Amino acid sequence: MFLRKITGIFYFFLSLLLSVNVLNAKDPIKALIVTGQNNHNWKASSVILQKYLNESGIFVADMAVSPEKGGDMSSFRPDFSAYKVVVLDYNGDSWPEDTNRAFLEYVKNGGGVVVYHAADNAFRKWKEYNEIIGLGGWEGRNETDGPYVYYVDGKEVRDTSPGHGGSHGKQHEYKIALRVKKHPVTKGLPAIWTHSKDELYDRLRGPAKNLTVLATAYSDKATGGTGRDEPVLMTINWGKGRIFHTVLGHVGGESTHPAVEGASFIVTFLRGAEWAATGKVTQKVPDDFPEK
Ligand code: ZN
């Protein structure tokens, strides 16, 4: 009788433990895509990003859509603090001061951020935003915004020479090379792989504090580039927050969007988002990930 009681209690606690684990496994990571203004086709890109996040089985993604360019931004107040990761697909009018403050508070307290493509064009004059993105381009950026960061002969260069920040040659397929192989985002990825047709940002410059370049791509002068290995995947730490910055994923007005449709973009985006949210990556690199 006593033994049965003990066994019963044991199984009760075992089932409790299992149910907690099952709950944890099913507890999705809350993600918020911030969009609504961009010099890109945000109506397409934001839906594509949301689909990838939701279909991954580990995220559930909401959307915060700002008023249109020139509209009244005063009511644009996403509740960043309700999320583990904020995906920035926004390049437009300034947010209200309260929203800026709430965003910085969110990152400072450990909130994750994914800086996606032209989000690194935004808010040139917002100092902390530029620290969070690490590197940016366009909007008149120049040597006063920070150094260029690129690789030459396998070594990272921080170049303070004068000149404009942000450019790209014509869209093409290109190789991406890992610079850090043991980071949770990159672990298990091939040393070099082929990325689908996309823009390749170059001449990015910014504060570049607490910035790690995870991967670069050679920006060939033949396609209008710099002749340097330019950063394409980066991490930045700001406060307690983790930031994953991908320059990949141009989405324009065309009916197809090859830059975001291949495994190269999808896998690195989802791994970066999970790391930004939790500091870990539980996803396996799929067998069909492109090799060189
Ligand atoms: Zn673009």
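Please read these numbers as outputs of a predicted model, since none were measured by experiment.

Thresholds, definitions, all that
Sequence positions are assigned chain by chain, starting from 1 and proceeding in written order. In keeping with the model being predicted, local features are shown solely for residues with a pLDDT of at least 70 and side-chain atom pairs are shown and tallied solely at 80 or more, while totals for entire chains, interfaces and linings include all residues. Only hydrogens and water are set aside when side-chain values are computed; all heavy atoms of the structure are taken into account. Only nitrogen, oxygen and sulfur atoms within 2.8 Å of the metal, or 3.2 Å for Na, K and Ca, are treated as donors, and water is left out, so sites may look incomplete. Site shape is set this way: if four donors have all angles between 85 and 135 degrees, tetrahedral; if opposite donors are over 155 degrees apart and all others between 65 and 115, square planar for four donors and octahedral for six; otherwise irregular. Only runs of H or I of at least four residues qualify as helices and only runs of E of at least two qualify as strands under DSSP, and these elements are numbered from the N terminus. Each residue is placed in one exposure class: buried if its accessible area under a 1.4 Å probe, protein chains only, is under 20% of its type's maximum, exposed if it is over 50%, and partly exposed if it falls in between. In this analysis, strands are considered paired if DSSP registers two or more bridges between them. pLDDT measures how confident the predictor is about each residue, on a scale from 0 to 100. Only heavy atoms enter the contact rule, under which two residues are in contact if any of them lie within 4.5 Å.

## What to know about the coordination of the zinc ion
Alright, step 1. Each protein donor to the zinc ion is listed here as His 40 (NE2), His 117 (NE2), Glu 199 (OE) and His 250 (ND1); together their distances run 2.0 to 2.1 Å.
Alright, step 2. Of note is the zinc ion, whose 4 donor atoms meet at the metal with angles of 89 to 159° in an arrangement that counts as irregular.
Alright, step 3. Coordination of the zinc ion draws on donor residues from a single chain, spaced H-x76-H-x81-E-x50-H in sequence. On the criterion of sequence distance, the pair formed by Glu 199 in the loop between strand E9 (192-198) and strand E10 (201-202) and His 250 in the loop between strand E13 (241-246) and helix H5 (258-261) is long-range, its members being 51 residues apart. Each member of the pair, Glu 199 as well as His 250, carries the same accessibility label: buried.

## What about the pairing of strand E6 (residues 155-159)?
Alright, step 1. Two strands pair when backbone bridges link them, and strand E5 (residues 148-152) and E6 are joined in this way by 5 bridges, in the antiparallel orientation. Residue pairing in the sheet places Tyr 148 in a bridge with Asp 159 of E6.
Alright, step 2. From the end of E5 to the start of E6, which pair antiparallel, there are 2 residues, and Asp 153 there has a positive phi angle of about 50°.

## Quick notes on the confidence of the model for the protein
Alright, step 1. In this model, the protein carries an average pLDDT of 93, and 91% of its residues clear a pLDDT of 70 or more.
Alright, step 2. Contacts from residues 12-24, a stretch scored under 50 in pLDDT, to residues over four places away or in other chains number 0 contacts.

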